[in-house]
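# Structure assessment
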Amino acid sequence: MAQLASISSTLLYIAFLLYLVATVFFAGSIKSKKHTNQTGKNRWATIGITITLIGFASQLGYFITRWIASGHAPVSNLFEFITFFAMMLVASFIIIYFIYRLHILGVFALPIALLIIAYSSMFPRDISPLIPALQSDWLAIHVSTVAAGEAILAISFVAGLIFLLKDIDLSKGGKQAFWLESVLFGIILVLGFVLSATAFSVAGYESEFTFVNADEEETTVQYAMPALVTPNEGELLTEGAFSTGLEMHELVNAPRLNTVIWSIGVGAILYLLIRLITRRTVAALFQPLVKKANLDMLDEIGYRSVLIGFPVFTLGGLVFAMIWAQIAWTRFWGWDPKEVWALITWLFYAAFLHLRLSRGWEGNRSAWLAVIGFVIIMFNLVAVNLIIAGLHSYA
Amino acid sequence: MSKIICQCGHENPEGSELCQACGRTLTEAAAKRKTHDVMRYEGMARRSQTYHSSIIDKIWNFFSSVKVGVTLIFITLVASAIGTIFPQEFFIPQNIPAVEYYESRYGIAGKIYYVLGFHDLYGSWWFMLLVAAIGTSIIIASLDRGIPLYKALKKQRVERHDSFLKRQRIYTAYEGNASDDVIERIGEGLRKRRYKVKAENGHLLAEKNRFSRWGPYINHVGLIIFLIGAMLRFVPGMYVDEILWIREGETRSIPGTEQEYFLKNDGFTLETYQEGDSEVFDQTIQRTGAIAKNFQTDAILYKRDENAVAGSQDELTEVDHHAIQVNVPMKFDQFALYQTDYIENELYKMNFTMDNKETGEPVGAFTVDLFNPETSGVYELEEGYSVELTGYYPDFSGFEDGEPQSDSPLPNNPAFLFNMVSPEHPDGEVAFVAIQQNLEPLGPNEYEISFNGIETRDLSGLTVRKDLTLWILALGGAIFMFGVVIGAYWNHRRVWIKKGPDSILYAAGHTNKNWYGLKKDIAPAFEYAGLDQPMDHQELKESDSSAKEEEESGTTRQHK
Ligand code: HEM
């Protein structure tokens, strides 16, 4: 079993590398001279999608072997869930690709999947046993449907992002250019988190504090990165470790805030370096890539993926969720923050569909809504688990 | 009611935008609107667009607006988001009043939160009002559109006026192609794609998946049923939410069942994962410590015979027998019992010995059942020795006027007043015994009571639930899902073919969504008839200049 678990990790690693290589090929496909309308047959793109398919098969292998090794569907902690979400994102991309054959989609969808996998591996990766509440077939049914729905919805974000990169006139500046740059900056921050967390973990950095928590009990806490902020009445236990001694309020989760500060710091430095070296905004760097993109087509893909994803998300995030909650927690709805954010996501996409259908919000506005929708999904995936604790907060 | 008479002679009701017979635009305003917008409800008159004078009109128009509907959805969404900033009232510790809790824990922000009612958002009157407004809006908006749409789609004419066809997004006039043979072939090609083709005077109307247009209306019906179900919760008798605390070995009547059902707790088990259970888990267990594996109550369900005396437990018949676990409730009648809580190791029995102080030798041992102490009883020990329990204080809290006090009947801190009888002291000596305490209130004694261990047992907390609204909610949910799926995964597609004068063939196509799919769907029929695909006159403006060039050359239009 332990051996199977290690095979599983290797397969995930291979998938990661293959997605990376596939991205390069998709990038090559849109550079190709013969490529005028960005769809249809193209040798680079064919290689790109083939490698993507092999990568997906490898990730599927990771999923199955880990399932066998642990004895339960590997969607039970943050690492497993986010990785699975990335896998569903790639699957959604593959499906949409085979419908529309729009090559540019691969150039953006795959890097986002890569970043999400990298992000997921910052959480504890060991296989954990299931607590009683999770011991149900509904775990796999509910979580996988939610992830699939969210991943299909995320494709509308990818299409929307490409749409906006092409549609917004960056030379004039303005609000839209600013917000687009902010979205890209947000993505770079995630990269900042991955880089700083990986660097300190490779270096083996660790420190420990004792502190007094909000219930006025004394406990200890681990820091994986040098402490820029310390917990309430925190005292450093590890010798030689770094600490600024800047104490936070008892309600603040200091180690998490510390990680956020590091990520923003590293991300900001990365961003500034890019700007200094290239002397352009990040949006402007990407714009040449999307020069030939077809706005109609992107708009259609964005809407289509919301249409396909919305019923799947409703089924997984609300219907299956309620059925399971009724069985496990005696009531189908309990206003737990994670539930509420699923409801918010659902209401948001319902509003999206209404605005599009009845108020004619197409093109640029629709693309912005798709971006905001993705931000809400990510918020529920990441922030609600880490910041707002509830029944769903994984170990 | 006034009518609008079209050039073709057809009388249309007031408020119509397109003539229901030929498809000509009837008003200047309609002519200026985007075709897609006019086509959404087939240019039919809608109440909300026609009448504006009475108060009822105003209310109707307000709620039928999608703008209002979306605004209501956004308000609900934002309110719910704010409601997750701090925990809701039902998640905070029960022993502190909410007024104090929010302010003391979260400061001024917490106070504002509380004052505005966000601490009990979902029970607040304004949140209920918001949901009610959404429900009203869904009903009115759907009626306002659904009925005219249904009527319009039911009685479609095949032949439409040229202006109607020309305004469609998919439209081409093929010059010199209007032969019967070509039209026949297009019809044949479309039939192969499962279009229903109607021919009239040589013109064609091909249509498929009209049912998908009812998707939104069906899903709104589902939502309304769901909301009604959620409200029925407040009708007495529909919903039971009780907790049953039951000790190991105990049999108790199940609250909410009117003393009809009883449950026996045959033992409570709490298991945790151990290192070595499975090698793949070891790392996690080392990192996080104990992880719970199972909470389980072995339960026996009894039903009381109908003619048994109320409150008695004598005539019970076993009806079910199984382990209640998290995720595995026990179901009976309309009830379900869920494993939701537990208390481990509650004090059950205490063992004592009576010792001779001088020698330290015990003269006998006895056990007090903390739930069933023999207050008037006597524990007989060896010959000539006995202990009388003269006072029992299960939740001892101190003395008041020399009298021991008990806070509750639960044995949280048991204390006892004993009278020790021995051959030397046939009237007995008095001892007060509590945890870590041994008093001799009436002067020094020769004998003493010493503590000799305890027996504990677990308490299982079961939630008793009856919810008669579930099937309504399930029905609403199923209808909602059905409506959403047919509205999202199928599209209503139509193609009009018209034989014009001078051998001109007009072809137009319309779909409510997924234009790309429509184009791909109909292309083979045109190819079969020897024609190019009809053109897509997309309305989306491209701001980038390079895209405009492509647009002119037509490359963006063809996705083969
Ligand atoms: C949480 C509440 C709601 C949900 C989940 C919901 C869901 C939907 C969905 C999925 C569609 C189909 C959209 C599409 O196919 O693109 C739709 C259409 C529509 N909804 Fe709602 N809806 C909700 C509330 C409302 C409200 C409050 C109104 C009131 C104004 C409304 C009015 C409409 C209308 C007019 C349509 C278009 C129907 C058509 O023209 O074919 N909905 N709704």
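Thresholds applied
Residues numbered from 1 in each chain as written. Chains lettered and ligands numbered in written order. Predicted model: local features only at pLDDT ≥ 70, side-chain atom pairs only at ≥ 80, totals over all residues. Heavy atoms only, no water. Contact = heavy atoms within 4.5 Å. Salt bridge = Lys/Arg side-chain N within 4 Å of Asp/Glu carboxyl O. Polar contact = N/O pair within 3.5 Å; in protein donor to acceptor, adjacent residues only side chain to side chain. Helix = DSSP H or I, 4+ residues; strand = E, 2+ residues; numbered from the N terminus. Nonpolar A, V, L, I, M, F, W, Y, C, P; charged D, E, K, R; others polar. Patch = residues over 30% accessible without salt bridge, like charges linked within 9 Å, V, L, I, M, F, W, Y side chains within 5 Å. Areas by Shrake-Rupley, 256 points an atom, 1.4 Å probe, with all protein chains shown as cover. Lys, Arg positive; Asp, Glu negative; His and termini not counted. Charge placed at Lys NZ, Arg CZ, Asp CG, Glu CD. Donors = N, O, S within 2.8 Å, 3.2 Å for Na, K, Ca; no water. Tetrahedral: all angles 85-135°; square planar, octahedral: opposite > 155°, others 65-115°. Near = heavy atom within 4 Å. Axes fitted to C-alpha atoms, helices over the stretch in contact; angles between N-to-C directions. Parallel < 35°, antiparallel > 145°, perpendicular 65-115°, else oblique. Left-handed = near helix turned anticlockwise from the far one by under 90°. Domains from an automatic or database assignment. Buried area = accessible area lost by both parts, 1.4 Å probe. Phe/Tyr/Trp six-rings, centres within 6.5 Å; stacked < 30°, edge-to-face > 60°. Buried < 20%, exposed > 50% of the residue type's maximum accessible area, 1.4 Å probe, protein only. Lys NZ or Arg CZ within 6 Å of the ring centre and 35° of its normal. Core = buried A, V, L, I, M, F, W, Y, C linked by side-chain atoms within 4.5 Å. Pairing = 2+ DSSP bridges.

### Some remarks on the interface of chain B and chain A
The interface of chain B with chain A comprises 69 residues on the first partner and 73 residues on the second. The tally of links between chain B and chain A comes to 0 salt bridges. The tally of links between chain B and chain A comes to 18 residue pairs in polar contact (both at pLDDT 80 or more). When residues of the side of chain B that touches chain A are assigned to their parent elements, the largest contribution, 9 residues, is made by helix H5 (residues 66-82) of chain B. Looking at the side of chain B that touches chain A residue by residue, the classes come out as 35 nonpolar, 19 polar and 15 charged.

### Re a negative patch on the surface
A surface patch of like charges, here negative, comprises Glu-216, Glu-218, Glu-233, Glu-235 and Glu-247 of chain A. Among the secondary structure elements, Glu-216 of chain A is positioned in the loop between strand E1 (207-212) and strand E2 (218-223).

### A few points about the coordination of the iron atom of the ligand
Four donors placed tetrahedrally about a metal ideally form angles of 109.5 degrees, and six donors placed octahedrally ideally form angles of 90 or 180 degrees. On the protein side, the iron atom of the ligand has His-354 of chain A (NE2) and His-220 of chain B (NE2) as donor atoms, found 1.9 to 2.1 Å from it. Because the angles between the 6 donor atoms bound to the iron atom of the ligand fall within 81 to 176°, the donor set is best described as octahedral. Linking His-354 of chain A in helix H10 (residues 337-359) with His-220 of chain B in helix H10 (residues 215-232), this pair reaches from one chain into another.

### Digging into the site of the ligand
Residues in contact with the ligand amount to 25 residues; listed here are only the nearest, His-354 of chain A together with Tyr-41, Ser-137, His-220 and Lys-513 of chain B. At the site occupied by the ligand, the surrounding residues belong to chains A and B. Contacts to the ligand include Tyr-41 of chain B, whose side-chain N or O atom sits 2.5 Å from an oxygen atom. One of the side-chain nitrogen or oxygen atoms of His-220 of chain B is found 2.8 Å away from a nitrogen atom of the ligand. The set of elements that each furnish at least two residues to the shell around the ligand consists of helix H9 (295-328) and H10 of chain A together with H5, helix H7 (125-154) and H10 of chain B. Top contributing element to the shell around the ligand by residue count: H10 of chain A, with 6 residues. Tallied by class, residues from the shell around the ligand come to 17 nonpolar, 6 polar and 2 charged.

### Some remarks on the packing of H10 of chain B against helix H12 (residues 470-489) of chain B
Residues and elements named next belong to chain B. One way to put it is that H10 packs onto H12 with a least axis distance of 7 Å and a crossing angle of 165°. Considering their axes alone, H10 and H12 lie roughly antiparallel with respect to each other. Note that H10 runs across H12; the crossing there is left-handed. Residues Gly-215, Pro-216, Ile-218, Asn-219, Gly-222, Leu-223, Ile-225, Phe-226, Gly-229, Ala-230 and Leu-232 of H10 lie in contact with H12, whose contacting residues are Ile-472, Leu-473, Leu-475, Gly-476, Gly-477, Ile-479, Phe-480, Phe-482, Gly-483, Val-484, Ile-486 and Gly-487.

### Looking at the environment of Ser-201 of chain A
Among the structural elements, Ser-201 of chain A can be located in helix H6 (residues 174-202). The spatial distance from the C-alpha of Ser-201 of chain A to the C-alpha of Met-122 of chain A is 9.3 Å, given a sequence separation of 79 residues.

### Some thoughts on the packing of helix H3 (residues 78-100) of chain A against helix H5 (residues 137-167) of chain A
Residues and elements named next belong to chain A. Running from N to C, H3 and H5 point in directions that differ by 50°, and their axes come no closer than 8 Å. When the axes of H3 and H5 are compared, the pair comes out oblique. For the element pair H3 and H5, the recorded crossing hand is right-handed. Taking contact as the criterion, the partners of Phe-81, Phe-84, Phe-85, Met-88, Leu-89, Ser-92, Phe-93 and Ile-96 in H3 are, on H5, Val-143, Ser-144, Ala-147, Ala-148, Glu-150, Ala-151, Ile-152, Ala-154 and Ile-155. Residues of the contact of H3 with H5, tallied by class, amount to 14 nonpolar, 2 polar and 1 charged.

### Let's talk about the domain arrangement of chain A
All names here are of chain A. Taken domain by domain, chain A comprises domain 1 (2-203 + 259-386) and domain 2 (207-249). Each partner contributes to the interface: domain 1 provides 6 residues, whereas domain 2 provides 5 residues. Interface area for domain 1 against domain 2, summed over the two sides, is near 510 Å², with a carbon-plus-sulfur share of 87%. In terms of surface lost to domain 2, no three residues of domain 1 exceed Phe-200, Ile-261 and Trp-262, which account for 83% of the buried area on that side. Summed over the shared surface of domain 1 and domain 2, the result is 0 salt bridges. Between domain 1 and domain 2 we count 1 residue pair in polar contact (both at pLDDT 80 or more) in total. Breaking the side of domain 1 that touches domain 2 down by element, the ones donating at least two residues are H6 and helix H7 (254-278). The residue inventory of the side of domain 1 that touches domain 2, partitioned by class, reads 4 nonpolar, 2 polar and no charged.

### A few points about the packing of aromatic side chains
Residues and elements named next belong to chain B. Scanning all chains against the criterion turns up 64 aromatic pairs over all chains. Here Trp-214 and Tyr-217 contribute two aromatic rings whose centre-to-centre distance is 6.5 Å and whose plane-to-plane angle is 55°, an arrangement assigned as tilted. Overall, the relative accessible area of 18% leaves Tyr-217 in the buried class. Among the aromatic side chains, those forming a connected cluster through ring pairs are Phe-86, Tyr-101, Tyr-102, Tyr-106, Tyr-113, Tyr-114, Phe-118 and Trp-126. One cation-aromatic arrangement involves Arg-47 over Trp-60; the distance from NZ or CZ to the ring centre is 5.3 Å.

### Points about the nonpolar core
Counting 167 residues, the largest nonpolar core has Phe-93, Phe-108, Ile-162, Leu-180 and Ile-301 of chain A as the members making the most contacts within it. Considering every element that reaches this core, the biggest residue donor is H5 of chain A, with 19 residues. Those residues in contact with Ile-301 of chain A, other than ones at most four positions away along the chain, are Ile-96, Tyr-100, Leu-102, Leu-105, Ile-155 and Ala-159 of chain A. If you look at the next biggest cluster of nonpolar residues, it comprises 22 residues, including Leu-190, Ala-206, Val-495 and Ile-497 of chain B.

### A short note on the sheet that holds strand E4 (residues 196-200) of chain B
Residue and element names in this part refer to chain B. With antiparallel pairing, 5 strands are arranged side by side in an open sheet as E3-E23-E22-E5-E4. Whereas interior strands pair on both sides, the edge strands pair on one side only; in this sheet they are strand E3 (170-174) and E4. Mean inter-strand twist for the sheet, computed between neighbouring axes without regard to direction, equals 10°. Running at roughly 170° to strand E22 (residues 493-499), helix H9 (residues 180-192) makes contact with E4, strand E5 (203-208), E22 and strand E23 (505-511) of the sheet.

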